[in-house]
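# Analysis of the macromolecular model
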Amino acid sequence: MKRLLEASWLRAVAFALGLLVLWQIASDLKVISPIFFPPPSKTLLELYRQIVEGTIWTPLVETSLRMFYGWVLASLSGVMLGAAIGSSPAARDFLNPLLEFVRPLPASAIIPPAILFLGLSNTMSVTVIAFGAIWPVLLASVYGFASVSRQLVDVAAALRLTRIQFMVKIAIPGAMPDILAGARVSLAIALILAVVTEMQASQPGLGQNILLAQRSYRSAELYAGVVVLGLMGFVINYALQLIEAWALRWRPVHS
Amino acid sequence: MAADKAGSAVSVRGVSMAFTTGAPVLADVSFEVREGEFFCIVGPSGCGKTTLLRLLAGLLKPTGGDIDFYGAPIAGPGRDRAIVFQDYSKALLPWRTVAGNISLSLEACNVPEEERAGRINALLAKMNLQRAAKQYPSALSGGMQQRVQIARCLAQQPKLLLMDEPFGALDAMTRQTLQDEVARLAVEQKTTVVFITHDLEEAIYLGDRVIALGTNPGRIVEMVEVGIPRPRNQLLTREDSRFLAHRHHLFGLLQGH
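The model shown is predicted, which means the values in this text are computed figures rather than measured ones.

To continue, consider the overall build of chain B. Counting its secondary structure elements, chain B contains nine helices and 10 strands. The globule rule puts the C-alpha radius of gyration for 257 residues at 18 Å, and the 18 Å found for chain B is close to it. With the principal axes as the frame, chain B shows a C-alpha extent of 50 × 45 × 35 Å. Buried residues in chain B amount to 54% of all 257 residues. When the accessible area of chain B is evaluated, it comes to approximately 10,900 Å², of which 52% is carbon and sulfur surface.

Pasting the structure below:
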């Protein structure tokens, strides 16, 4: 099993490298315009320059923090709301129509009103990110809290657990697989929205850098930014998977 | 056992139960469970035996009649009454180890943290679970999982142990082992047990007394005093003439309903 995984890993990496090589060749042969598609060599060289000169870190940290704060806010409020809604059928009936109306709103559509109310500030970005990123974790939490087994409710009743004990000892750990799965999707959305708010509301960060590079035809810089964002997404997703595997280590391993 | 002179632990008088939808589940059920008695309730599916157990646990309230526990009416669940559910896989916390699952009862009973480990170890030893202490339920066999649930119930030191077809999902060998262990524990701990099963032989083998329930609506059709001395033996007791006589008698009654 493990060997197989490693093999498929290798193949996936080899495939990606192959694409890079093709891109390099196409660019060198001027099949595609190097102005719009600089070869990977130039992009990586630009990336290397930014690392050496240290200019990469400020926007990277800016974007990461923005994403992180928005995600934490989304996750905390998503889990709390999800617990309230999931634990009570009455709340579900009452709130579902409203949630179903608000949920499909594109988060970028609330940037203009958010700017009106909160100005071009970090508060605005974090609010927009949290609004857009809350849905996966909220819906997963509602499901997780709603599907606590009947039997465990009986066990809790027979032991006369208090409402808080029930939440802490049974409902939250029971909903944790759903919460974590939702939070992982939310984090991806938070990254997207961090970049979008930077582009739309000129907040400093990777998103703004990419936009400025594009406007002044510094395409190597543009793609260097894209590569950094891709790596960020990859790393945080992997980190969350590790956390998930640790937090849910009690789950049976299926072959 | 010498339970005859003991007081009454549970008193059920004229209890009926109907859910809002449909026909009554139980009609005019009355019986007494003596202190320290192993009391078995046997009946076909749909006779309301699980409902009866949930009434005793206080998880349900009867629509008619009275249930007393040591002289006081049952108003709701209490930690002096523990319930072992049939579906052990759903009654355990899958994210807690065996020791952690036993700990849940101690936490609910507000046992101070420094006392818990000692009590958990004693229960692990009692239920032959020492080697599984750090394992998660999903890694255990059904029989082991049911032992964990029983250990968790014993952890709350109940005066009454309610068991809802606890061995119904286990294979025959495991079932017999656990039957003997529970019978031994009940004597050792002097716990009153109300044990529900659809297996007539299991009821006679384990019980001091057995009541048989009929269906539509659930009602008592017979009560027998088993009168076979303990400890009982899986081979010899089942060949005992009294065992066979009860079996014939109750078998006919249960078939007729």
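There's more to say after this.
Turning our attention to the interface of chain A and chain B. With 19 residues of chain A in contact, the opposing surface of chain B contributes 24 residues. Summing both sides of the interface, chain A and chain B together bury roughly 1,900 Å²; the carbon and sulfur share of this comes to 65%. Looking at the side of chain A facing chain B, the largest losses of area belong to Gln151, Leu159 and Trp250 of chain A, adding up to 33% of the total buried there. Inspection of the region where chain A meets chain B yields two salt bridges. Notably, a salt bridge pairs Lys169 of chain A with Glu107 of chain B, separated by 2.7 Å at the nearest N-O pair. Summed over the shared surface of chain A and chain B, the result is six residue pairs in polar contact (both at pLDDT 80 or more). Listed by contribution, the elements that provide at least two residues to the side of chain A that touches chain B are helix H7 (150-158) and helix H8 (163-200) of chain A.

The pairing of strands in a sheet comes from backbone hydrogen bonds and takes either a parallel or an antiparallel form. Residue and element names in this part refer to chain B. What the six strands build is an open sheet, ordered E6-E7-E8-E3-E9-E10; its pairing is mixed. Edge positions in the sheet fall to strand E6 (81-84) and strand E10 (219-225), since each of these pairs with one other strand and no more. Strand-to-strand, the axes of this sheet are offset by a mean angle of 15°, without reference to chain direction. Across five bridges, the pairing between strand E3 (residues 38-42) and strand E8 (residues 192-197) is parallel. What sits directly across from Cys40, in E8, is Phe195. Its contacts with the sheet place helix H5 (residues 142-155) against E6 and strand E7 (160-164), and it is angled at close to 175° to E6.

So, about the sheet that holds strand E5 (residues 72-73) of chain B. Residues and elements named next belong to chain B. Pairing is antiparallel across the open sheet formed by four strands, whose spatial order is E2-E1-E4-E5. Every other strand in the sheet has two partners, leaving strand E2 (24-34) and E5 as the edge strands with one partner each. In this sheet, E5 lies alongside strand E4 (residues 64-69) in antiparallel orientation, the contact comprising two bridges. Directly across from Asp68, in E5, lies its bridge partner Pro73. The strands touched by helix H1 (residues 49-57) are strand E1 (8-18), E2 and E4; relative to E2, the strand with the most contacts, the crossing angle is about 55°.

Here the structure, examined in full by the defined rule, presents 11 aromatic pairs over all chains. Between the aromatic rings of Trp23 of chain A and Phe37 of chain A, the centroid separation amounts to 6.3 Å while the plane-to-plane angle is 85°, which identifies the pairing as edge-to-face. Remark: Phe37 of chain A occurs in the loop between helix H1 (2-28) and helix H2 (40-53) and Trp23 of chain A occurs in helix H1; sequence separation between them is 14 residues. Considering the side-chain rings of Phe38 of chain B and Phe195 of chain B, the 5.8 Å spacing of their centres and the 40° angle between planes classify their relative orientation as tilted. Note that Phe38 of chain B is positioned in strand E3 and Phe195 of chain B in strand E8, a separation of 157 residues in sequence. Residue Phe195 of chain B is classed as buried on the basis of its relative accessible area of 0%. Site record: aromatic cluster; members linked through ring pairs are Trp23, Phe37 and Tyr223 of chain A. Positioned above the aromatic ring of Trp246 of chain A, the side-chain terminus of Arg249 of chain A is 4.7 Å from the ring centre. Geometry around Tyr205 of chain B places Arg238 of chain B over its ring, the cationic atom sitting 4.8 Å from the centre.

So, how was this worked out
Residues numbered from 1 in each chain as written. Chains lettered and ligands numbered in written order. Predicted model: local features only at pLDDT ≥ 70, side-chain atom pairs only at ≥ 80, totals over all residues. Heavy atoms only, no water. Helix = DSSP H or I, 4+ residues; strand = E, 2+ residues; numbered from the N terminus. Rg over C-alpha atoms; globule rule 2.2 N^0.38 Å. Buried < 20%, exposed > 50% of the residue type's maximum accessible area, 1.4 Å probe, protein only. Areas by Shrake-Rupley, 256 points an atom, 1.4 Å probe, with all protein chains shown as cover. Contact = heavy atoms within 4.5 Å. Buried area = accessible area lost by both parts, 1.4 Å probe. Salt bridge = Lys/Arg side-chain N within 4 Å of Asp/Glu carboxyl O. Polar contact = N/O pair within 3.5 Å; in protein donor to acceptor, adjacent residues only side chain to side chain. Pairing = 2+ DSSP bridges. Axes fitted to C-alpha atoms, helices over the stretch in contact; angles between N-to-C directions. Phe/Tyr/Trp six-rings, centres within 6.5 Å; stacked < 30°, edge-to-face > 60°. Lys NZ or Arg CZ within 6 Å of the ring centre and 35° of its normal.

Remember, this is a structural readout, not a statement about activity or role.
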